[in-house]
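Single-letter residue listing:
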Amino acid sequence: MGHPLLCMLGFFLTFTLHCDYAQGDKSRATLRADKTTIPLGRSVRLTCSVDGSADWNFYWFRNWQRYSVDQTRRNIDPYGVISISEGGLYSCRGGRGDPVFTTETSNEISIWKTVFKPTVIQQTSGSDVYSGEKVTLRCKIYGGGGTQWTYEWSPTNRNSPTSSEYRIITATESGGTYRCRARGDYQITDWSDALTLTVRTDKPRATLRADKSLIPLGGTVRLTCSVDGSADWNFYWFRNGQQLSVVQTRRNIDPYGVISISEGGLYSCIGGRGYPVFTTETSNKISIWKTVSKPTVILQPNWPQIFRGEKVTLRCEIHGGGGAQWTYEWRPTNRNSPASSEHRINTATESGDRYWCKARGDYQITAWSDAFRLTVKADKPTASLIADQRIIPLGGSITLTCSVSSSNGWKFDWFRNGKQYSVVQTRGNIEPYGDISISEGGLYSCRGGRGDPVFYTEDSSKVTIYKTVPVITTVIQQPNWSQIFRGETVTLRCEIHGGGGAQWTYEWRTTSRNSPTSSEYRINKATESYSGEYRCRGRRDVFSITEWGVLMLNVSDKAQPVLSVSPSWLSPGASVTLSCGGLEHLSAGWRFFWYKVVPAKSSSSYSFEPLTGRTNWTEQNSYLINGQNHTAGYVCRARRGEPVFYTEYSEPKFVWSADSHPAASLSVTPDRVQHFIYQSVTLRCSGNNTEWRLRRFTEIGEISYTDCSNWRTMTGSSCTINSDRSHSGVYWCESGSDFSNTVNITVQDENNGIILVSPIQPVTAGNPVILSCRDEEQKLSNVFFYHNNKLIQNDSREELKISAVSKSDEGFYKCEHSGKESPQSWMAIRDKPQPVLSVSPSWLSPGASVTLSCGGLEHPSAGWRFFWYKVVPAKSSSSYSFELLTGRTSWTEQNSYLINGQNHTAGYVCRARRGEPVFYTKYSEAKFVWSADSHPAASLSVTPDRVQHFIYQSVTLSCSGNNTEWRLRRFTQTGGLSDIHCSNWGTMTGSSCTINTVWSHSGVYWCESGSGDFSNAVNITVQDKYYSIILVSPVHPVTEGDPVTLSCRDKEQRLLSNVFFYHNNKLIHNDSREEMKISAVSKSDEGFYKCEHSGNESPQSWMAVRVSLSSPVDSSFVVLMIVGPFIGIILIFLLLLLWCYKRSKDFCCIRSESSSQSPTINHGVNQTDSQVYSSLLHGDVEYESFHRATIKGSPDDPDEDPVYTNIEAKTTGSPDDPDEDPVYTNIEAETTGM
């Protein structure tokens, strides 16, 4: 009996010690590479680091073997860097101290070394491949050593994806470009140069060539047969359709398929190769002629001068030709008489052309005649047309003159608009005076003619003649803004009044070369150079024209609006109005965009993040921001027109808040608003950063964009100034994206003046405050104190004391003594603080403990007492009431609270108090801990009964239990906690809610009843890839020992086979079965699951395993029943001793949370360092807020009224500007309460 007892005591003490020391996690090194492939002859740099700590030495591993690195200087944190030139699987770890404490081994990175470039070789003769032939490509690697290579081809051939050969069984017409590369033993080649495979689409055709087609007298002609682009052919010869026997074995093989012939005839050939023989198409046919005689060429008629374009006839005469029937051939050939003895030249060409003729019959041919040279005047003459004017005046006419240079005897034809124009002017229409008078607009031309048949000159150039019409032309500017800015788009419209509905063509005279012919002239991006005079006129029916219309366009430099903010100083949570002015005609199509300024980290500049609401812009030039708490800067800009024109950004304007926050805070020494001239004042920045810049806005109305060092002394994060009048103004700190609180510095520059001593920071409502008045030597008595210029104290006291300030005490204060008056200073009153509640874990196993942490308060250990509440759903609305969680007392000194044995979904809030009289904070926002286990009072079910659903699929959530009135709540990935009913985002029927899923519906859902019950919570995951897959897994926890089946489905709900199943990202199932079946689940089966099919991957879902409540009873249970009471007494005694010892350190295994961040949630299971999961279902949850809450059971505060808290929402967006970067903007709703 003694030994088992001692063992249990030892186990208890070991567990207790483990609780104290289990908080620290062993660090893990992080390995990064600047690239994962080593270029040829180069190296890759690896960097090993341990985030958040220093003084590490690093150890390197390649292919899991220790890697020797001779880089002593740079192998020490924070520069754990090595350069490598060999491929392999690399990792590292850090070590420090003596003896050495090492980190976990880092992530592994595969590095590949580039070695050389292979060559693609085509194993087919000849450069051409024909459709249907077999082709083999080989990837040849030179100098590859003994490496076992795996090959990759582009494009991939499924028959040989990793071999060195790429076989094309049947070449197709498409051919293609082929490349290869290889890898092995962490070596990789570059892609080879591309080999382009050309596949001829048609069956090859032999080509027959003759060195000449005419056999000279007593001579021969050589014929050559070939197949272009390929080799290894034999050839077969034909003459006049009959195969020709050729005894020339040696030379009748490609590439010398050549024979010599001495007889005329029609010759052709065919190529053949391979076995069985693959033959080409029959070649082209060549006629071979045998020379027999020589003719003569004679010109008819024999004119001494031929003009270009005139008609000429040549005759071929054969002397002594006997009675042969000849067919004639001319060079050059005339298509009208290719076989006749006459060659008619219908249009003579340039002088110097030569002509030959010959005759043929029965494959006999004469020799070519001697050349006949035809002399032709160089060019065909062109008529010339001249008009004395181009525009016909109203009621008038103009004269046209047609002529042919350096020739005579011509008559003229006239044309208007492409049709011949009848002119009855015989005398005037003959050279050299071919002129006419016209009174109609049109497109005019002329030509000359002579001879029989008539030989015509070229038509003259066309002359456009316009006739003036009596209408008015006006240039209209659109949009009709009096001022156009640089970069805007402007359209000028040419309007013709009194045109009678005619179709006009427009002519513009602009400041640029662009001259459109439409009624609109568009300037896409106006600049100052576009300023000037614009003219337009119209042409009707092509040849009627108007007078010019004129408009002056003025383009100014780009516009910059002016932003104003109201108020400049705000109370926390107050509204801020932004106004964007400084633009002419604010109603003329402007849309306004609003931005928050964000300090840049490495410079004194700002970046801008849009403030988004329902839309990305407003039509009004004002914008309201609700719930602003801290100092912030804003800019605006505007746009108008189509395409969109944007103004410059306005100069930044600031709204200042005296309230500080942990991220950035500014303090002043001496700690007051007013200071005497030349007095030393120190301003100190503090918060979440070490690099600060101090900004100021002085009384002269300027923001200082330079650092403190430019106008005083900067030491670390402190700036010391010797105050003078120019230093009066507003000061704040900036760092990264944070602005500090703003302080006002007022310098008393009057000699022997006095100052008011008042708090520089806001005073919290309910706290006391003391104001006094002093000169440079001492505090003064008999002082008049003024509040908003109203006298409020006038006696012998030195101080004005307010025991508990309220919002009514806020305002301007000043003091007066012996006729001297201090400057006035604003005293701000801060509303009560609101703590931030976090819960851990967010998801729990039945009976697990829940830790509540109440943070967000400055100095949580400074006298605060914390109160803890459970939220209860109201019966008739969507609000909550609060019930105090009571233990030994109604409060705790620690800001954390442990709830044991929590089984179901629940919500909690907290608040704090301190001081005497008692000061209470506001209530925190509600936070929830979710349970997947249902209970009879309230239960939520899902149809279809699974976690994952396809987008746009109908899903029904049904509430059931001991009530008939239900509301469905959800916490989504995008919208946070929803305070509205199902009817706003789905269809509610009775106690069931049906939604058509979209991506924003992914989240946690639960039911709340009017009797105060919470149902189990379920997770809904929406697969937003329409043609992807989902995992079918149980939506509720599975009891240990029960069977479970997982499957994978597509959009059509088809059960998929050959699926990969993963558990916690580890492949556990890979075969042809459609389902993964677990016959009896255990706690080890709990975790994240997903499936993969044909490259598509489902989201992952958590499968919870519920521990079985029943188990077999064995003999050990009987022993425990006997010794249990005795052991229990001893354990209680030891627990009391341990509790007394650790009371000052809070409860065992609970670490106080003084920050507002939620702790890591473990889902009630033990997870190793390598098993960290993050999702909406099982990860850290950040709540936005809850709707309305009424308080029940308030502790020690009978005067507390019900508190109502409105929802605060976060939205993201960007304006309709494609160049804008993504931005993030918080819009906080107003809050009312204590």
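Residues numbered from 1 in each chain as written. Predicted model: local features only at pLDDT ≥ 70, side-chain atom pairs only at ≥ 80, totals over all residues. Heavy atoms only, no water.

Visitor: Tell me what's going on with the packing of aromatic side chains, and back it up with residues and numbers.
Guide: On inspection of all chains with the given rule, the structure shows 38 aromatic pairs. Cluster of aromatic residues (ring-pair linked, three or more members): W569, Y606, F654, W656, F697, W732 and F739. Above the plane of the ring of W368 lies R331, whose end atom (NZ or CZ) is 4.2 Å from the centre. (Phe/Tyr/Trp six-rings, centres within 6.5 Å; stacked < 30°, edge-to-face > 60°. Lys NZ or Arg CZ within 6 Å of the ring centre and 35° of its normal.)

Visitor: I'd love a proper account of the state of the cysteines, names of residues and values included.
Guide: Under the criterion given, the structure shown has 13 disulfides. With a sulfur-sulfur separation of 2.0 Å, C139 is cross-linked through a disulfide to C180. Looking along the S-S bond of the C139-C180 disulfide, the torsion reads about 75°, which is the right-handed sense. Taken together, the residues span a long stretch of sequence, with C139 in strand β13 (residues 135-140) and C180 in strand β16 (residues 176-184) at a distance of 41 residues. Relative accessible area serves as the criterion here: at 0%, C180 is assigned to the buried category. Disulfide pairing is shown between C316 and C357; the S-S distance is 2.0 Å. (Disulfide = S-S within 2.5 Å. Helix = DSSP H or I, 4+ residues; strand = E, 2+ residues; numbered from the N terminus. Buried < 20%, exposed > 50% of the residue type's maximum accessible area, 1.4 Å probe, protein only.)

Visitor: Explain the pattern of salt bridges residue by residue, including any values.
Guide: Taken as a whole and assessed by the stated rule, the structure comprises 34 salt bridges. Notably, a salt bridge pairs K801 with E799, separated by 3.8 Å at the nearest N-O pair. Among the residues examined, K801 registers a relative accessible area of 59% and is labelled exposed. E799 gets classed as partly exposed once you look at its relative accessible area, which sits at 21%. R1073 is the salt-bridge partner of D1071, the closest N and O atoms lying 2.6 Å from each other. Residue D1071 is classed as partly exposed on the basis of its relative accessible area, which comes to 26%. Salt bridges linked by common partners bring R315, E342 and R344 together as one network. (Salt bridge = Lys/Arg side-chain N within 4 Å of Asp/Glu carboxyl O.)

Visitor: Quick rundown of unusual backbone geometry? Include the residues and the values.
Guide: In this structure, the amide linkage connecting Q478 to the following residue, P479, adopts the cis form with an omega of -5°. Inspection of the secondary structure puts P479 in the loop between β46 (472-478) and β47 (484-485). Here the bond from S840 into P841 is cis, since omega is 0°, no more than 30 degrees from zero. Residue position: P841 is located in the loop between β82 (836-840) and β83 (848-855). Phi is positive for N417, close to 55°, though the residue is something other than glycine.

Visitor: Explain the sheet that holds strand β37 (residues 384-387) to me, and be specific about the residues and the numbers.
Guide: Ordered by their spatial adjacency, three strands build an open sheet running β37-β39-β42, and the pairing between neighbours is antiparallel. Each of the sheet's edge strands pairs with one partner strand only, and the pair in question is β37 and β42 (434-438). The sheet shows a mean angle of 20° between the axes of neighbouring strands, taken without regard to direction. Across five bridges, the pairing between strand β39 (residues 398-403) and β42 is antiparallel. Each bridged residue has a counterpart across the sheet, and for T399 the counterpart in β42 is S437. (Pairing = 2+ DSSP bridges. Axes fitted to C-alpha atoms, helices over the stretch in contact; angles between N-to-C directions.)

Visitor: Mind laying out the sheet that holds strand β56 (residues 574-581), listing which residues take part and the relevant values?
Guide: Taken together, three strands build an open sheet; the order of strands is β55-β56-β59 and the sheet is antiparallel. The outermost strands of the open sheet, each flanked by one partner alone, are β55 (562-566) and β59 (622-628). If you compare each strand with its neighbour and ignore which way they point, the axes differ by 20° on average. As judged from the five bridges shared by β55 and β56, these two strands associate in the antiparallel manner. Considered in β56, the bridge of S566 is made with T577.

Visitor: Explain the environment of S164 residue by residue, including any values.
Guide: Examined against the element boundaries, S164 turns out to sit in the loop between β14 (150-154) and β15 (165-168). C-alpha of S164 to C-alpha of A182: the two residues are 18 residues apart in sequence and 8.7 Å apart in space. Setting aside residues no more than four positions away along its own chain, S164 makes contact with L137, R138, C139, Y151 and W153. (Contact = heavy atoms within 4.5 Å.)

Visitor: For the pairing of strand β105 (residues 1087-1093), give the residues involved together with the corresponding values.
Guide: Among the seven residues in β105, six count as buried, and that is most of the element. Sheet topology places strand β102 (residues 1060-1063) next to β105; four bridges connect them, and they run antiparallel. Following the sheet pairing, F1061 is matched in β105 by C1091. Note: β105 against strand β107 (residues 1101-1103), three bridges, orientation antiparallel.

Visitor: Give a detailed account of the side chain of E507, specifying residues and quantitative values.
Guide: Inspection of the secondary structure assignment puts E507 in strand β49 (residues 504-509). According to the relative accessible area criterion, E507 is buried, its value standing at 18%. A polar side-chain atom of E507 sits 2.8 Å from a polar atom in the side chain of R539. In contact with E507, not counting residues within four places along its chain, are P516, R535, C536, R537, R539, I545 and W548. (Polar contact = N/O pair within 3.5 Å; in protein donor to acceptor, adjacent residues only side chain to side chain.)

Visitor: Requested: an account of the nonpolar core, with residues and values cited.
Guide: Core analysis: the biggest nonpolar cluster contains 21 residues, and L578, W590, F592, W594, L611, I625 and Y634 have the highest contact counts within it. Sort the elements by how many residues they give to this core and strand β60 (residues 632-640) lands first, with four residues. (Core = buried A, V, L, I, M, F, W, Y, C linked by side-chain atoms within 4.5 Å.)

Visitor: Outline a nonpolar patch on the surface, supporting the account with residue identities and numerical values.
Guide: A contiguous nonpolar patch, built from Y952, Y1026 and Y1027 and spanning about 430 Å² of accessible area, is present on the exposed surface. Mapped onto the fold, Y1026 is located in the loop between β98 (1018-1023) and β99 (1029-1032). (Patch = residues over 30% accessible without salt bridge, like charges linked within 9 Å, V, L, I, M, F, W, Y side chains within 5 Å. Areas by Shrake-Rupley, 256 points an atom, 1.4 Å probe, with all protein chains shown as cover.)

Visitor: Got a sec to walk through the pairing of β60? Specific residues and values, please.
Guide: The buried fraction of β60 amounts to nine of the nine residues, a majority that puts the element mostly inside the structure. Direction of pairing for β60 relative to strand β62 (residues 653-655): antiparallel, over a ladder of three bridges. Counted as the bridge partner of G633 is F654 from β62. Here β60 pairs with strand β61 (residues 645-646) via two bridges, running antiparallel. Following the sheet pairing, R639 is matched in β61 by Y646.

Visitor: Tell me about the environment of N302, and name the residues and values.
Guide: Positionally, N302 belongs in the loop between β30 (296-300) and β31 (312-317). In this structure the C-alpha to C-alpha distance between N302 and L314, which are twelve residues apart in sequence, comes to 9.6 Å.

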